[in-house]
Amino acid sequence: MLQVISVLLENKPGALMRVTGLLTARGYNIESLTVARTLDPDLSRMSIVVDVEERLRSQVIKQMNKLVNVLQATDLTDCPAVCREMTLLRVRAPLEKRATIIKEAEIFGARVVDSSIDGFVIEATGDSEKLDEFLDVMQSYGDIDVTRSGAIAVSLELRKLRLQPPIHLAASLAEAEEEETNGVLNG
Amino acid sequence: MSNLMNGAKILLECLAREGVDCFFGYPGGVTLPFYDALYEHSIKHVLVRHEENACFAASGYARATGKVGVCCATSGPGATNLVTGLVDSLMDSIPVVAITGQVTSKLIGSDAFQEADTFGITRSCTKHNYMVKTVAELPQIIHEAFYLAASGRPGPVLVDIPKDIFQAQGHYTPVDQIHLRGYRVTTDGHTGQIRRAAQMIWESERPMVYAGGGIIAAGAETELKDFVERADVPAVCTLMGLGGLSSNHPNFISMPGMHGSYAANMALSGCDLLIALGVRFDDRVTGRLAAFAPHARVIHVDIDPAEISKNRQADIPIVGDVKRVLQKLNRVIGELEPQLRTKTAPGRRAWWKQIREWKDQHPYDSPRSDSEIKPQHLMAEIDRLSGGEAIVATDVGQHQMWAAQLIRFNHPRLWINSGGLGAMGFGLPAAIGAQFARPDKLVFAIVGDGGFQMSIPELATIASYGLPVKIIVMNNGYLGMVRQWQELFYNNRLSSVQLDCFPDAEKLAGAYGFRGSTVENPRELAVALEAAVREPGPYLLNVRVTPFENVYPMVPAGGAINEMVLSAPLTAAK
């Protein structure tokens, strides 16, 4: 069973690497990763699917929370959350099989988004296990090419976001400036 | 206040505003505009002889003062040479800001001359890093960098600045505030947890304080002293925490760990309550983790939530600045004392008696010889001259352990060494940084013959600035610590550890224009050290010591800390 970590982070260059670096530095593989901006365009929401033992996972999440660019990292594995994934697949199928394929796709709630002489492009969403099943079925109709989005997840619990308020430099620099006038700089 | 100037001048304005009085660096192609601006500025630039040493010197400066140390290097090789120093500061939580030049923005990614992906390379070597994209954001980034380096759990922050940013004109307006939404630091410990901790402390019969670098970083030495006295608790200080509680304090039970004292390791193994203050349960302290303080409940105070329960589950976790937490804890301890103290008093008396016995049974080994200088003899002599007041910067290896064991420190920020990373070549440049920070202080650089030879270029820096650093080379002709392990665990097959051709110290120092000498007779050691200390300028003293002396006590790798080897086994091959 894979686990999902949800990370709210600043939409800045390098932020993604800082988060994933904590996993890769320990030799963990990332099963899937999605990231896109949130309602606030300065922020991104990232969903990471991993296979990391619980104690280490909680350690890694603590370290993600320490990152300056990360506002909140949460383990959604054992929390009430909805987790979905999308797949796009291209099926090459002869004309006579097409009706059956469309019917089969409908059973899975999938829909055709493009059609040509060679075949279809079908879009399906669902939890990852259900998509696995769907892809198995589709494979029986011929050659398929698959792109999966990786899981995205949303927590059902309201989580309080603790943020650092602005820091006034005048106060934090007062001490340093005092030393300056004591002649260290001017001396 | 707003005026037009180039990025290089803006950077200098920001450094001045942060109170930077001197910094360490080495110029190069892309930092030319910055060094040009520096030419007429009052901030002092110390020209080292290798960028790695610029970072070590900045670290030494920071360790000696608590202020942010600053270093500067050019792009490409300059920046990559900083890496070891950055990791050293990261491991030991030392506030350092590194400024690196980068190739012109439009050349980034084109494999330009002296280009390296500094931002990528140093991501995991720093607490945070930046690449500056516009001259307008430069002041904000510099002040953020200083704030991040010094606040919370301190650490190194790197700012990579492309050449065109140094050259670009911008309106400099002093920045009023910085906003780091995701940087949450908890400084005040949870009051309820602190109360529970106080209760647990009075209920304990065999409590131990395990204090580390966090005490030094937080400036919590007064609070720690107050705490151990009020709560009547013995304390060990880790390698990073030495000086956090004065070595002369009656409650101080020396250093624990792989080469810690018998008493410190036995006390940690026997305690029923471990009060962990600004420590990270490092493997060199705990030995086999499962056997570490096996009977103890754990109170763990640390400003970094990721340290709590990382290696050892805490019964009472307290996230906060250890100085503030101890202030609160000391108040509550006092309030609870009358009702709780009497119950555990007999147990406490027995515990103290036991600890004193351990101390008496096996103090640190300090052998002397008439024919050769024992390394422990050297450290004892330096201790005598220091009297707990000198700054002692060391390199890494046997000499570092003997110095930690045998030299006393009455105050924090006197003992300077690369604890976490264990970087050889650290001691001499760190001593340079410390001497710039504290020109009033007697500074010893105690180095091995291995590490010293990694630092020889900096003799020029010492000579050039006339720094009165006393360089004491503990010269056993070997990479001693590796040789010790080969002797004990690899059938004495001494592979690539002998360091021959050590230069003549008098000639070497003389070549740089200062004095040096070699001493090998134990009867001449004290006089030689005194002469070095009396010398108004720098001094290089090469001390030939017994080549085959080993550091004891020793906890073999993977062993429990109460399973110490106390002295050389009789069968040890020589």
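Being a predicted model, the structure only gives us computed values, none of them experimental.

**Some details on the interface of chain A and chain B**
Then, in step 1: On the side of chain B, 26 residues touch chain A, which itself brings 32 residues to the contact.
Then, in step 2: For the side of chain A that touches chain B, the secondary-structure elements that each account for two or more residues are α1 (15–24), α2 (54–66), β4 (70–75), β10 (167–168) and α5 (169–184) of chain A.
Then, in step 3: Ranked by residue count, the leading element in the side of chain A that touches chain B is α5(A), at nine residues.
Then, in step 4: In the sheet, β10(A) pairs with strand β9 (residues 177–178) of chain B via two bridges, with the strands oriented antiparallel. Residue pairing in the sheet places Ile167(A) in a bridge with Ile178(B) of β9(B).

**Section: the sheet that holds strand β1 (residues 3–10) of chain A**
Residues and elements named next belong to chain A.
Then, in step 1: If you trace the four strands from one edge of the open sheet to the other, you get β2-β3-β1-β4, paired in antiparallel fashion. If you trace the sheet from one side to the other, it starts and ends with β2 (30–37) and β4, each paired once. When the angles between neighbouring strand axes are averaged without regard to direction, this sheet yields 15 degrees.
Then, in step 2: In this sheet, strand β3 (residues 43–50) lies alongside β1 in antiparallel orientation, the contact comprising eight bridges. By the bridge assignment, Val7 is partnered in β3 with Met46.
Then, in step 3: Across the sheet, α2 touches β1 and β4, and the angle it forms with β4 is around 165 degrees.

**A closer look at the confidence of the model for chain B**
Then, in step 1: Taken as a whole, chain B shows an average pLDDT of 96; of its residues, 99% reach a score of 70 or greater.
Then, in step 2: Overall fold confidence (pTM) sits at 0.95, and the ipTM for the predicted complex is 0.91.

**Some details on helix α16 (residues 398–406) of chain B**
All names here are of chain B.
Then, in step 1: With nine of its nine residues buried, α16 lies for the most part within the structure.
Then, in step 2: Of the residues making up α16, those classed as buried are Gln398, His399, Gln400, Met401, Trp402, Ala403, Ala404, Gln405 and Leu406.
Then, in step 3: Each element contacted by the buried residues of α16 is listed here: α15 (375–386), β15 (391–394), β17 (443–448), β18 (470–475) and α20 (480–489).

**Observations concerning the environment of Gln361(B)**
Then, in step 1: Mapped onto the elements of the fold, Gln361(B) is located in helix α14 (residues 322–361).
Then, in step 2: Linking Gln361(B) and Thr173(B), residues 188 residues apart in sequence, is a C-alpha distance of 65 Å.

**Digging into the pairing of strand β10 (residues 207–211) of chain B**
All names here are of chain B.
Then, in step 1: For β10, the tally of buried residues reaches five of five residues, placing the bulk of the element in the interior.
Then, in step 2: What you see with β10 is no split at all: Pro207, Val209 and Ala211 on one side and Met208 and Tyr210 on the other are buried throughout.
Then, in step 3: Sheet topology places β10 next to strand β12 (residues 273–277); five bridges connect them, and they run parallel. Bridging across to β12, Tyr210 finds its partner in Ala276.
Then, in step 4: Taken together, the three bridges between β10 and strand β11 (residues 235–237) define a ladder with parallel strand orientation. Each residue of the ladder has a partner; that of Tyr210, found in β11, is Val236.

**A short note on the environment of Gln199(B)**
Then, in step 1: Within the secondary structure, Gln199(B) is located in helix α9 (residues 191–203).
Then, in step 2: Spatially, the C-alpha atoms of Gln199(B) and Leu340(B) are 8.0 Å apart, while their sequence positions differ by 141 residues.

**Describing the sheet that holds strand β7 (residues 156–162) of chain B**
Residue and element names in this part refer to chain B.
Then, in step 1: Sheet architecture is open: six strands sit in the order β3-β2-β4-β5-β7-β6, paired in parallel fashion. The sheet is open, and its two edges are formed by β3 (44–47) and β6 (128–131), each paired on a single side. Direction aside, the axes of adjacent strands within the sheet are offset by 20 degrees on average.
Then, in step 2: Bridge analysis of strand β2 (residues 22–25) against strand β4 (residues 69–73) gives two bridges, and the strand direction is parallel. Of the residues in β4, the one forming a bridge with Gly25 is Cys72.
Then, in step 3: Here helix α3 (residues 51–65) sits on the sheet in contact with β2, β3, β4 and β5 (96–102), set at roughly 170 degrees to β4.

**Observations regarding the packing of helix α12 (residues 262–270) of chain B against α14(B)**
All names here are of chain B.
Then, in step 1: Where α12 meets α14, the axes come as close as 8 Å, and the angle between the chain directions of the two elements is 150 degrees. In the packing of α12 onto α14, the handedness of the crossing is right-handed. Residue-level inspection shows Tyr262, Ala263, Met266 and Ala267 of α12 in contact with α14, the latter providing Ile355, Trp358, Lys359 and Gln361.
Then, in step 2: Residue composition of the contact of α12 with α14, grouped by class: six nonpolar, one polar and one charged.

How each quantity is defined
- Residues numbered from 1 in each chain as written.
- Chains lettered and ligands numbered in written order.
- Predicted model: local features only at pLDDT ≥ 70, side-chain atom pairs only at ≥ 80, totals over all residues.
- Contact = placed C-beta atoms within 7 Å.
- Helix = DSSP H or I, 4+ residues; strand = E, 2+ residues; numbered from the N terminus.
- Pairing = 2+ DSSP bridges.
- Axes fitted to C-alpha atoms, helices over the stretch in contact; angles between N-to-C directions.
- pLDDT = per-residue confidence, 0-100.
- Buried ≥ 20, exposed ≤ 12 C-beta atoms within 10 Å, placed from the backbone.
- Left-handed = near helix turned anticlockwise from the far one by under 90°.
- Nonpolar A, V, L, I, M, F, W, Y, C, P; charged D, E, K, R; others polar.

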